[in-house]
Amino acid sequence: MKRVLIGVGGGIAAYKICEVVSTLFKSGVEVRTILTNSAQHFITPLTFSTLSRQSAYTDENFWLKSNSRPLHIELGEWADIFLIAPLTANTLAKLAYGMADNLLLNTVLASTCPILLAPAMNTDMWEQETVQLNWQKVLDFNRFHSLDTASGLLACDRVGAGRMAEPEEIVSHVQSLLITGGKRDFSGKKVLISAGGTREYLDPVRFIGNPATGKMGLALASAALHRGADVTLVRGAASWDIPLGVKCITVDTAEEMRSQMLECLRTADLIIMSAAVADVKPREYSSQKLPKKSLPEALALENVGDIIAELASSKRENQKLIGFAAQTGDIVTPAKEKLQRKNLDAIVANPIDEVGSGFGSDTNKAIYIDRKGKEVEIPMCSKLEMAHRILELGVRIS
Ligand SMILES: Cc1cc2nc3c(=O)[nH]c(=O)nc-3n(C[C@H](O)[C@H](O)[C@H](O)COP(=O)(O)O)c2cc1C
Ligand SMILES: CC(C)(COP(=O)(O)O)[C@@H](O)C(=O)NCCC(=O)NCCS
Ligand SMILES: [Mg+2]
């Protein structure tokens, strides 16, 4: 079982860490928690020990004479990943200088695993030069991974920078680090991803669409970001929050997706088309809503442009392009045909007629096929795990 140690600091955002602990526990991860003295003003160790079915530790445990080995050494050796959230200005400053005056900080120094930091602060605190200096300083160390803060409503009623990343995003980053061990093999690389479905309108309220939710694209964007990439996401219909740190361009129709993908293509190293793009659109568009009685009985259709084929023919040799083929029945033959016909570097053949795979689900399965014909089976796993497998294979395309 994977082991995640969570250090909770004394900020009001500590209440959100209950959700993080609970979600990680339910996903099969072993979770232990350390609370600073200040953290215990906001939340109790009992909440965390109950949610994690494990002890929650405080400085009281640190000094126990009954510990057979020093607790900070035990916990440091135990952890695969160490999350510190909410990271306070105080703990950040101490991290930057290697200080160790409580259990949490001693465990940081007595461990070697990757550490993920999720700061949370009032805007003036977060924007203090001293705080920013400390933040830049810790990020220079390879061990520390970071979650950006968001801008929004704070507990002091201000709207500004310093909001902690949401639990879902924290969990996703922790899961990535458990998969990669903190690898940053995409650092310096630019990844362009399309996600979600497109809509082809008949009038302002009716369209031809598909069930794509963009979850696979979200997983790809998150995974690439967590491995250090500079990520641009061109997103069609989808309802989830965009991960902090991902550049997102929202589009609606296939034509909008086409122009944005072509616009972003020039600077990308790896392009992954996971969006479900319409093949056809209504031939006529009415800018006014059509009255029910004047809806046509048969819809005249025309083809929309083939985005991925256009990307393949416009890209440079050193840019790599991976497509997706959502298929029913035999998934390999049509995927191979699409790979050849559209001149892709690789394709992910995705069975959409199996339970737990394809549109809308949190899991997926696929066969990855490269242009030399090599096939790699990706058995049923979370979309985030699949995203990491695709990136690992994609970075090796020669
Ligand atoms: C109501 C309240 C809310 C606080 N919220 C934060 C916060 O969001 N971020 C922060 O850095 N400090 C916050 N603090 C201040 C920290 O609790 C304080 O700096 C403490 O020394 C941090 O200790 P620790 O880093 O050991 O947890 C808050 C304090 C209070 C009283
Ligand atoms: C406090 C909170 C977690 C509230 O989130 P919520 O609006 O989703 O309930 C969020 O605003 C946040 O992360 N704020 C940063 C920390 C903060 O506001 N500190 C107040 C110091 S006075
Ligand atoms: Mg298609």
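Basis of the calculations
- Residues numbered from 1 in each chain as written.
- Chains lettered and ligands numbered in written order.
- Predicted model: local features only at pLDDT ≥ 70, side-chain atom pairs only at ≥ 80, totals over all residues.
- Heavy atoms only, no water.
- Near = heavy atom within 4 Å.
- Polar contact = N/O pair within 3.5 Å; in protein donor to acceptor, adjacent residues only side chain to side chain.
- Areas by Shrake-Rupley, 256 points an atom, 1.4 Å probe, with all protein chains shown as cover.
- Nonpolar A, V, L, I, M, F, W, Y, C, P; charged D, E, K, R; others polar.
- Helix = DSSP H or I, 4+ residues; strand = E, 2+ residues; numbered from the N terminus.
- UniProt positions renumbered as here; feature names shortened; annotations may be inferred.
- Salt bridge = Lys/Arg side-chain N within 4 Å of Asp/Glu carboxyl O.
- Contact = heavy atoms within 4.5 Å.
- Buried < 20%, exposed > 50% of the residue type's maximum accessible area, 1.4 Å probe, protein only.
- Pairing = 2+ DSSP bridges.
- Axes fitted to C-alpha atoms, helices over the stretch in contact; angles between N-to-C directions.
- Parallel < 35°, antiparallel > 145°, perpendicular 65-115°, else oblique.
- Left-handed = near helix turned anticlockwise from the far one by under 90°.
- Expected span 1.5 Å × (residues − 1).
- Core = buried A, V, L, I, M, F, W, Y, C linked by side-chain atoms within 4.5 Å.

Moving on, we come to the site of ligand 2. Taken together, 14 residues form the shell around ligand 2, and within it Tyr15, Lys16, Leu153, Arg163 and Met164 come nearest. At 2.8 Å, a backbone N or O of Met164 approaches an oxygen atom of ligand 2. Protein burial of ligand 2: of its 540 Å² of free accessible surface, 73% is covered by the chains. When its residues are assigned to classes, the shell around ligand 2 shows 10 nonpolar, 2 polar and 2 charged.

Of all residues adjacent to ligand 1, which total 14 residues, the nearest are Gly10, Thr36, Thr88, Ala89 and Thr91. Residue Ser38 places a side-chain N or O atom 2.9 Å away from an oxygen atom belonging to ligand 1. When ligand 1 sits alone it has 640 Å² of accessible area, and the protein chains cover 63% of it. Top element by residues in the shell around ligand 1 is helix H6 (residues 89–96). It accounts for 3 residues. Of the residues assigned to the shell around ligand 1, the class counts are 6 nonpolar, 8 polar and no charged.

It is worth spelling out the UniProt feature "domain: DNA/pantothenate metabolism flavoprotein C-terminal" (unreviewed entry) in the protein chain at this point. Sequence positions flagged by UniProt for "domain: DNA/pantothenate metabolism flavoprotein C-terminal" (unreviewed entry) are, in local numbering, residues 187–392. Measuring from the first to the last C-alpha atom of residues 187–392 gives 13 Å, for a span that is 26% helix and 31% strand.

Here the UniProt-annotated "active site" (unreviewed entry) positions come out as Cys156. By the element assignment, Cys156 lies in the loop between strand S7 (150–153) and strand S8 (159–163).

On to the pattern of salt bridges. What the rule picks out here adds up to 22 salt bridges. Here Glu166 makes a salt bridge to Arg163, at a shortest N to O gap of 2.8 Å. Salt bridges linked by common partners bring Lys16, Arg163 and Glu166 together as one network.

Turning our attention to the side chain of Thr123. Its place among the elements puts Thr123 in helix H8 (residues 123–127). Sequence-distant contacts of Thr123, that is, excluding residues within four places in its chain, are made with Leu154, Arg158, Gly160 and Ala161.

Along helix H1 (residues 17–26), the residues classified as buried are Ile17, Cys18, Val20, Val21, Ser22 and Leu24. Positive phi appears at Gly28, one or two residues downstream of H1, with a value of about 95°.

Okay, the sheet that holds strand S3 (residues 56–57) next. Read across the open sheet, the 6 strands follow the order S3-S2-S1-S4-S5-S6; overall the sheet is parallel. Each end of this open sheet is capped by a strand with a single partner; those strands are S3 and strand S6 (144–146). Here 4 bridges tie strand S1 (residues 3–8) to strand S4 (residues 81–87), and the two strands are oriented parallel to one another. Within S4, the position partnered with Val4 by the bridge is Ile81. Together, S4, strand S5 (115–119) and S6 form the strand contacts of H6, whose direction differs from that of S4 by roughly 135°. Across the sheet, helix H9 (residues 129–139) is in contact with S4, S5 and S6; its angle to S6 comes to roughly 120°.

Within the fold, Leu92 resides in helix H6. With relative accessibility at 0%, the residue Leu92 sits in the buried group. In the structure, Leu92 is positioned 137 residues away from Ala229 in sequence and 24 Å away in space, judged by C-alpha atoms. Setting aside residues up to four positions removed in sequence, Leu92 forms contacts with Leu87, Val131, Asn134, Trp135 and Val138.

We now examine the packing of helix H11 (residues 215–226) against helix H15 (residues 383–394). Interhelical geometry of H11 versus H15 gives an angle of 60° and a closest axis separation of 8 Å. Considering the angle they form, H11 stands oblique to H15. You can see that H11 and H15 cross each other, and the crossing is right-handed. Contacts from Lys215, Met216, Ala219, Leu220, Ser222, Ala223 and Ala224 of H11 reach H15 at Lys383, Leu384, Met386, Ala387, His388, Ile390 and Leu391. Here the contact of H11 with H15 is composed, by residue class, of 10 nonpolar, 2 polar and 2 charged.

A few words now on helix H10 (residues 167–180). The end-to-end C-alpha distance of H10, which contains 14 residues, comes to 20 Å, matching closely the 20 Å that a straight helix rising 1.5 Å per residue would cover. Looking at H10, one finds that the buried residues are Pro167, Glu169, Ile170, Val171, Ser172, His173, Val174, Ser176, Leu177, Leu178 and Thr180. At the C-terminal side of H10, Gly181 shows a positive phi close to 70°.

Before going further, it helps to examine the sheet that holds strand S14 (residues 270–273). Pairing in this open sheet of 8 strands is mixed, and the strands run S13-S12-S9-S14-S17-S18-S19-S20 from one edge to the other. Edge positions in the sheet fall to strand S13 (247–250) and strand S20 (375–382), since each has one partner strand and no second. Neighbour-to-neighbour, the strand axes of the sheet open up by a mean angle of 15°, direction not taken into account. Bridge analysis of strand S17 (residues 320–327) against strand S18 (residues 346–351) gives 6 bridges, and the strand direction is parallel. Bridging across to S18, Ala326 finds its partner in Asn350. Helix-sheet contacts for helix H13 (residues 307–314) involve S14 and S17, and the interaxial angle to S17 is about 160°.

Counting 34 residues, the largest nonpolar core has Ile193, Leu220, Ile272, Ile322, Tyr368 and Ile390 as the members making the most contacts within it. Residues Ala13, Cys18, Leu35 and Ala120 belong to the second largest nonpolar core, which totals 31 residues.

Two elements in contact, H6 and H9, have axes whose closest approach is 9 Å; the angle formed by their N-to-C orientations is 50°. With respect to H9, the axis of H6 lies oblique. Read as a crossing pair, H6 and H9 show a hand that is left-handed. Along its contact with H6, which presents Ala89, Leu92, Ala93, Leu95 and Ala96, the element H9 presents Val131, Asn134, Trp135, Lys137 and Val138. Across the contact of H6 with H9, the residue classes tally to 8 nonpolar, 1 polar and 1 charged.

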